[in-house]
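Next come the chains, spelled out residue by residue.
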Amino acid sequence: MTLIMGIVNVTPDSFSDGGRYLDAADAVAHGLRLRADGADLLDVGGESTRPGAERVDPRVERERVLPVVRALADAGVVVSIDTMNASTAVAAVEAGARIVNDVSGGLADPEMLAAVAATDADIALSHWRGHSTDMYARAQYGDVVDEVVTELRARIEAAASAGIAPSRVILDPGIGFGKKGAQNWAMLRGLDRLVGVGPRVLLGTSRKKFLAEALADDPADAAEARRDLATAVTSALAAQAGAWAVRVHDVAGTRDALTVARAWQEGSRWTSSTRSR
């Protein structure tokens, strides 16, 4: 069954919800609401990776996320730390995080893989070709699926060389990272090829620009609710392709989409004796 990873952005500038949960108490309350809505785990991040975003000092990042990670972990939540910094990853694991979600695939900080190897945390490695300030400069592909799979295989090998067993690795195709609209759709259509590599696959499409582009001529016209509905559809399709988890802002809508998709595949639990008369 595909898990739901709820997003908790403790940032002033994330593309969708920047500033809403910058206060630690607000972020914790939001995380607990997401868990009540059906999130299986929560991804806490203190640095925006939206296109054009500037890097954040790791000390500032830790000040933002560590109180939130600690409070959510103490509440029994399975916490993932969304960071490209080894120092933040280690501190967050010490505070209770069980997964390190590195959107750079361990490439932004050369110490990341060794640092995570020394912990008992799992690591999510995304396909990545550069920082947010110029992420589209390298969005050149022949066969995007083949290249993403090949480059992520290399990250598995790098993790293994650092001491991280494949069983601890989660792969993410990096939708929206160094990929333009059509390239994202091509990667989604080929998601089963990445699933076939072996490690768990995490997919994050939530509220991203390519969904808005599919819904409206001007992405600015695609309201948040419409993007959430589109996210739920892609999440259900990802589940059918074998994704281990989907990373979303709107947990409740995604939960319902996954439930309906599962009923479609397995048959409704309702019988004739329980239907309305």
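Heads up: the structure comes first, above all this text.
Residues numbered from 1 in each chain as written. Predicted model: local features only at pLDDT ≥ 70, side-chain atom pairs only at ≥ 80, totals over all residues. Heavy atoms only, no water.

**Structural notes on the overall build of the protein chain**
A count of helices and strands for the protein chain gives 10 helices and eight strands. The buried share of the protein chain, reckoned over its 277 residues, is 53%. Summarising the internal contacts of the protein chain: among those between residues at least 6 apart in sequence, 66% fall at separations of at least 24. Element-wise, carbon and sulfur atoms account for 51% of the exposed surface of the protein chain, whose accessible area totals about 12300 Å². (Helix = DSSP H or I, 4+ residues; strand = E, 2+ residues; numbered from the N terminus. Buried < 20%, exposed > 50% of the residue type's maximum accessible area, 1.4 Å probe, protein only. Contact = heavy atoms within 4.5 Å. Areas by Shrake-Rupley, 256 points an atom, 1.4 Å probe, with all protein chains shown as cover.)

**As for the packing of aromatic side chains**
Under the defined criterion, the tally for this structure stands at one aromatic pair. An angle of 70° between the planes, with centres 4.9 Å apart, marks the rings of W185 and F210 as edge-to-face. Of this pair, W185 sits in helix α6 (residues 181–189) while F210 sits in helix α8 (residues 209–215), placing them 25 residues apart in sequence. A relative accessible area of 3% places F210 in the buried class. The ring of W244 has R200 sitting right over it, with the charged end atom 5.2 Å from the ring centre. (Phe/Tyr/Trp six-rings, centres within 6.5 Å; stacked < 30°, edge-to-face > 60°. Lys NZ or Arg CZ within 6 Å of the ring centre and 35° of its normal.)

**So, the nonpolar core**
In terms of nonpolar packing, the biggest core is built from 62 residues, with V44, V100 and I123 touching the most fellow members. Looking at which element gives the most residues to this core, the answer is helix α5 (residues 144–162), with seven residues. Ignoring sequence-local partners within four residues, the contact set of V44 consists of V8, V10, V65, V68, V69, L72, V79, S80, I81 and D82. (Core = buried A, V, L, I, M, F, W, Y, C linked by side-chain atoms within 4.5 Å.)

**Here we look at the side chain of T234**
Mapped onto the secondary structure, T234 falls in helix α9 (residues 224–241). Those residues in contact with T234, other than ones at most four positions away along the chain, are W185, L203, T205 and L211.

**Digging into the pairing of strand β3 (residues 79–82)**
Here β3 shows two buried faces, one formed by V79 and I81 and the other by S80 and D82. Sheet topology places strand β2 (residues 41–45) next to β3; four bridges connect them, and they run parallel. Note on β3: the bridge partner recorded for G45 is D82. The sheet contact formed by β3 and strand β4 (residues 99–102) spans three bridges and is parallel. Note that in β4 the partner of D82 across the bridge is N101. (Pairing = 2+ DSSP bridges.)

**Concerning the sheet that holds strand β8 (residues 245–248)**
Around the barrel, eight strands lie side by side as β1-β2-β3-β4-β5-β6-β7-β8; this closed barrel has parallel pairing. The mean angle between the axes of side-by-side strands here comes to 25°, regardless of whether they run parallel or antiparallel. Relative to strand β5 (residues 122–126), β4 is paired through four bridges, and the arrangement is parallel. Within the sheet, the bridge partner assigned to I99 lies in β5 and is D122. (Axes fitted to C-alpha atoms, helices over the stretch in contact; angles between N-to-C directions.)

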